[in-house]
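This is what each chain is made of:
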Amino acid sequence: RKESSAASDVYKRQLINDSYAMGRVEGLANRIGGFVGWSDANINRSFSLGDVHGNGVNRYVGGFGGYITQNIIDSYSTGHIYTDADQAGGFIGLKSGSQILRSYSTGNIVSTGDSIGGFVGENENSLVQESYASGNVIGVNNVGSFMGLMPSGTIQDSFATGDATGTTDIGGFIGELSGGILNNNYTLASIIGGGTNSNAFIGNLVGGTLTDNFWNSDKTIEVNGSEGVASVATVSYTHLRAHETDS
């Protein structure tokens, strides 16, 4: 099969509510997820717990979903990711369109691919809001503690705490930002081992709009961009921290 997951390979044009997957997932092709490999269904209040292994894979591996095109709300994943794929994320490998709201991932990611993120590997024109990632991330190029690559879309009211390791374009929040909007986000990540374009918040800032984003200057090695350094202690994210405590 071309999509692999613990719950189901493909969900098309359906609504998935209050569901979960617990098993370990292994796959050898594109689109592998702990809950669903590929989906254009709206998903609410669901979670996955198993580790995800995707070897011999070209792209799209996630702790919850490999490739998702519709809304995901109040959902999470805790499994670790081991893969050689591009576009791999602790929660979603590739998120295209619609939104992710009030969701999180806690698993670590170890990949020999590019566009690797603690929450999403690559975001294309999707809104990500009130979400977080806490796992450590290892990849090659475009590696971020929250997201690997973002050419378009919006991220707001979200955060990352896991450390990022890579070779090129390594960011405490996003590996490479080439478009879209970042508003009111923060990271506590450190960049491990340096690398080309290794920066506190965004590894390689190509384009996009940034407003009121924060990073921990004590833990990171360099700041990229025009924003001033601010202490994360001045930012209140009660809704996210409460969500993390409840988990």
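Each chain has its residues counted from 1, running along the sequence as written. Local features are withheld for residues below a pLDDT of 70 in this predicted model, meaning they are given only at 70 or higher, and side-chain atom pairs are given and counted only at 80 or more; totals for whole chains, interfaces and linings count all residues. Excluded from the side-chain calculation are hydrogens and water; included are all heavy atoms of the structure.

A. Quick look at the sheet that holds strand E24 (residues 132–133). Strand order in this open sheet of eight strands is E4-E9-E14-E19-E24-E29-E34-E39, and the pairing throughout is parallel. The open sheet is flanked by strand E4 (20–21) and strand E39 (214–215), the only strands paired with a single partner. Strands are labelled as partners when DSSP assigns at least two bridges between them. Strands here are runs of E lasting at least two residues and helices are runs of H or I lasting at least four, both read from the DSSP assignment and numbered beginning at the N terminus. In this structure, strand E19 (residues 104–105) lies alongside E24, joined through two bridges in parallel fashion. Bridge pairing in E24 links Ser105 to Ala133.

B. Spotlight on the sheet that holds strand E5 (residues 25–27). Taken together, the seven strands give an open sheet; going across it, the order is E5-E10-E15-E20-E25-E30-E35, and neighbouring strands pair in parallel fashion. The open sheet has two free edges, formed respectively by E5 and strand E35 (191–192), since each of these has just one partner strand. Judged from the three bridges that link them, strand E10 (residues 52–54) and strand E15 (residues 81–83) form a sheet pairing that is parallel. Among the inter-strand pairings, Gly54 is bridged to a residue of E15, identified as Thr83.

C. Looking closely at the environment of Gln129. Here Gln129 shows up in strand E23 (residues 126–129). Contact between two residues is taken to exist if any of their heavy atoms lie within 4.5 Å; hydrogens are not considered. Among all residues touching Gln129, those that are not within four sequence positions of it are Ile100, Leu101, Arg102, Gln156, Asp157 and Ser158.

D. The side chain of Ser158, seen in detail. Mapping Ser158 onto the fold places it in the loop between strand E28 (153–156) and strand E29 (159–160). Within polar-contact distance, the side chain of Ser158 engages the backbone nitrogen of Glu130 at 3.4 Å. Whenever two N or O atoms come within 3.5 Å, that pair is a polar contact, provided that in protein one can donate a hydrogen and the other can accept it, and provided that, for residues adjacent in sequence, both atoms are side-chain atoms. A distance of 3.0 Å separates the side chain of Ser158 from the backbone oxygen of Gln156, its partner in a polar contact.

Treat this as a map of the structure, not an account of what it does.
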